[in-house]
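This is what each chain is made of:
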Amino acid sequence: MTIVPARSSEWVRPVRSQEPASAIIEIDLVSQVFQTSARKDHVALSEISLTIEEGAFVSILGPSGCGKSTLLYIVGGFVSPTSGSAKIKGHAITGPGPDRGPVFQEFALFPWKTVLGNVMYGPRQQGVRAAEAEAQSRALIEMVGLKGYESFYPKELSGGMKQRVALARTLAYHPEVLLMDEPFGALDAHTRTRLQNDLLNIWERDRKTVLFVTHSVDEAVFLSDKVVMMSKSPGRIREVIDIDLPRPRRRNELLLDPRYQKYVVDIERMFDESDEVGSAS
Amino acid sequence: MMSSATLLRRAAPVLACIGLLAVWQVASLALKNDSLPTATEAIRAIPDILGDKESLINILASLRRMAIGFGVAVLVSIPLGLLMGRSRGVAAFFNPLLMVIYPVPKAALMPIIMLWLGVGDVTKTLVIFLGVSLPVIYHSFEGAKAVEEKMLWSGAAMGLSPAQRLVRIVLPAALPEILTGCRTGLVLALITMITSEMIARQSGAGNILFNALDMGQYDTVFAMIIIVGAMGICLDAIFERVRARLVRWSEPQFDMPLSFS
């Protein structure tokens, strides 16, 4: 199977590695092969190489089954790659650590803990004194818009609220990189938009490095500095696109901006092309 | 103020008991059979049993064996079940063993155990222990297996070691399921307590029951059945209170999410 290179356009251009060396995450020739049955192997990721700069908001965009979540799990240290290496700040990733904070589509909150208990969990584990951890956590809960819900249990919250708690819980232990695995994928469109706006507001304050997995083109363009487009079977990087849009980004302004619209249209067209390539082979 | 619906719901168990006793009374009067005393005769025999020092000592000895058997079984079975649920190796080792023991009625093992350990407390407590262990192991195993991977990953990212994750994430997350197993275990503890005393006739509540049966004191037999049944109801009610407190966070009354994103 050959992959037809996308046409470079005015706004969509592949990025070469000419950036200064402030790389926080380096992924080098990572492959992931799952054994689906005794004779058949499924190649989820094939020789992925990617460098992520400190403070960048990078989205990994691709159809379902392209291995984009697997790539995130490898960076998180939750999954070991079959071959290749991933590094954070020059150190090989051998397992999970508090320098990389995951936020999952499934929220994965601790249901036996209250909102406050969930958010305090990380800092307490890191040895922060209870009073201090509580003060920080209350501030974070307020920041994600859940003031007044500190003593609620996850079961009492809606999906959007749960994801806000999950974000606060991860921010609470100050990871250097946020790993977001389709965090808004399980939410309705309205809630999703609100959370995207709030995430941008929070991110624009401290510019933490974010690796954000999504299958939504709008979401990727709206949030990111850089969009990594993947194709499936086997999972490969198809294109890396710089999103050159001003910040802070406001949704109502951006939706009317022709540059934003062009990014979305160009990326969607590339998806269609890769679908055709996929079905022709 | 209680509404009539609530009142009816509260009164339902009492009404059920009264109904059962009424049917019993009528059936017994109709059949005129010595081995089926009337409900009133059986109830009248209860104070005699509970007032008798000898019987009371026997019943308390039974409860003590049951408490020890149940307690030790829970303490051993929960960690084992959790480990099996999270480690394929541990599960592969213990699963066949448990599958062999599971269908065997624990009372059927008693004659052999009696040969080894005698007819005393140790044998009976061991049988109770065996009866309680299996459902608790099974439910702990299932509960631990069902713990969401991503929840464990979240804990790992916060720096929890595998042992800490087992105690601080798997255990609380599996607690509702574990307690379901413990509740089954509690009822089984009561059943094995009586059957063990039925086989090793030396002391205990079961012994009173079967001695009375041998002597044709049918009112005592039925009085003991009522006492054992009441013990079961009380223990279950106490356990349910404790359970509801421990897993309040997973109770369905919290199942109504607020409409706010």
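Quick caveat: nothing in here was measured; it's all calculated off a predicted structure.

What follows concerns the pattern of salt bridges. With the rule as written, the count across this model stands at 22 salt bridges over all chains. Salt-bridge contacts for A:Arg164 lead to A:Asp198; the nearest nitrogen and oxygen are separated by 2.9 Å. Of this pair, A:Arg164 sits in helix α4 (residues 159-171) while A:Asp198 sits in helix α5 (residues 189-206), placing them 34 residues apart in sequence. Note that B:Glu142 and B:Lys145 form a salt bridge whose closest N and O atoms lie 3.6 Å from each other. With B:Glu142 and B:Lys145 both in helix α6 (residues 121-145) and three residues apart, the pair spans about one turn of that helix. Assessed through its relative accessible area of 25%, B:Glu142 is described here as partly exposed. A relative accessible area of 44% means that B:Lys145 is categorised as partly exposed. Through salt bridges that share partners, B:Arg64, B:Arg65, B:Asp121 and B:Glu197 make up one connected network.

Here we come to helix α3 (residues 130-143) of chain A. Residue and element names in this part refer to chain A. Counted at 1.5 Å a residue, the expected span for α3 with its 14 residues is 20 Å, and the 20 Å between its end C-alpha atoms agrees. Where α3 is concerned, the buried positions are Ala-133, Ser-137, Leu-140 and Ile-141. The arc that holds every buried residue of α3, seen down its axis, measures 100°, which confines them to one face. Those residues of α3 hidden inside the fold are in contact with α2 (115-125) and α4.

Here the focus is the packing of aromatic side chains. Here the structure, examined in full by the defined rule, presents 14 aromatic pairs over all chains. For the ring pair A:Phe78 and B:Trp153, a centre distance of 4.7 Å and an interplane angle of 5° mean the geometry is stacked. With A:Phe78 in the loop between α1 (68-76) and β4 (83-88) and B:Trp153 in helix α7 (residues 149-157), this pair bridges two chains. One exposure class covers both A:Phe78 and B:Trp153, and it is buried. Joined through ring pairs, the aromatic side chains of A:Phe57, A:Phe184, A:Trp203 and A:Phe212 make up one cluster. A cation over an aromatic ring shows up here: A:Arg169 above the ring of A:Phe110, its NZ or CZ 4.6 Å from the ring centre. Positioned over the ring face of A:Phe222 is A:Arg251, at 4.5 Å from the centre of the ring.

Residue and element names in this part refer to chain A. Where strand β9 (residues 226-231) meets strand β10 (residues 236-242), six bridges bridge the pair, whose relative direction is antiparallel. Of the residues in β10, the one forming a bridge with Val-228 is Val-240. Taken together, β9 and the strand that follows it, β10, pair antiparallel across an intervening segment of four residues, in which Ser-233 is found at a positive phi of about 35°.

A few words now on the domain arrangement of chain A. Frequently, the measure chosen for interface size is the accessible area removed from exposure when the parts meet. Residues and elements named next belong to chain A. Domain parsing of chain A yields domain 1 (23-99 + 177-280) and domain 2 (108-174). Placing the centre of domain 1 and that of domain 2 at their C-alpha centroids yields a distance of 26 Å. Across the contact, 14 residues belong to domain 1 and 12 residues belong to domain 2. When domain 1 packs against domain 2, close to 1,000 Å² is buried across both sides, 70% of that on carbon and sulfur atoms.

Residue and element names in this part refer to chain B. As for its placement among the helices and strands, Ser-77 is situated in helix α3 (residues 53-86). Using a relative accessible area of 1% as the deciding quantity, one classes Ser-77 as buried. Within the structure, Ser-77 has its side chain in polar contact with the backbone oxygen of Ala-73 (distance 2.5 Å). Apart from the residues lying within four places of it in its own chain, the contact partners of Ser-77 are Ser-133, Val-136, Ile-137 and Ser-140.

This part takes up the sheet that holds strand β7 (residues 177-181) of chain A. All names here are of chain A. One open sheet holds the six strands; their spatial order is β6-β7-β8-β3-β9-β10, and the pairing between them is mixed. Whereas interior strands pair on both sides, the edge strands pair on one side only; in this sheet they are β6 (100-104) and β10. Along the sheet, successive strands turn relative to each other by an average axial angle of 20°, direction set aside. Of the strands in this sheet, β3 (57-61), β6, β7, β8 (209-214) and β9 are in contact with α1, which crosses β7 at around 150°. Strand contacts of α5: β3, β7 and β8, with the helix running at about 165° to β8, the strand carrying the most contacts.

Calculation notes
- Residues numbered from 1 in each chain as written.
- Chains lettered and ligands numbered in written order.
- Predicted model: local features only at pLDDT ≥ 70, side-chain atom pairs only at ≥ 80, totals over all residues.
- Heavy atoms only, no water.
- Salt bridge = Lys/Arg side-chain N within 4 Å of Asp/Glu carboxyl O.
- Helix = DSSP H or I, 4+ residues; strand = E, 2+ residues; numbered from the N terminus.
- Buried < 20%, exposed > 50% of the residue type's maximum accessible area, 1.4 Å probe, protein only.
- Expected span 1.5 Å × (residues − 1).
- Arc of directions from axis to C-beta.
- Contact = heavy atoms within 4.5 Å.
- Phe/Tyr/Trp six-rings, centres within 6.5 Å; stacked < 30°, edge-to-face > 60°.
- Lys NZ or Arg CZ within 6 Å of the ring centre and 35° of its normal.
- Pairing = 2+ DSSP bridges.
- Domains from an automatic or database assignment.
- Buried area = accessible area lost by both parts, 1.4 Å probe.
- Polar contact = N/O pair within 3.5 Å; in protein donor to acceptor, adjacent residues only side chain to side chain.
- Axes fitted to C-alpha atoms, helices over the stretch in contact; angles between N-to-C directions.

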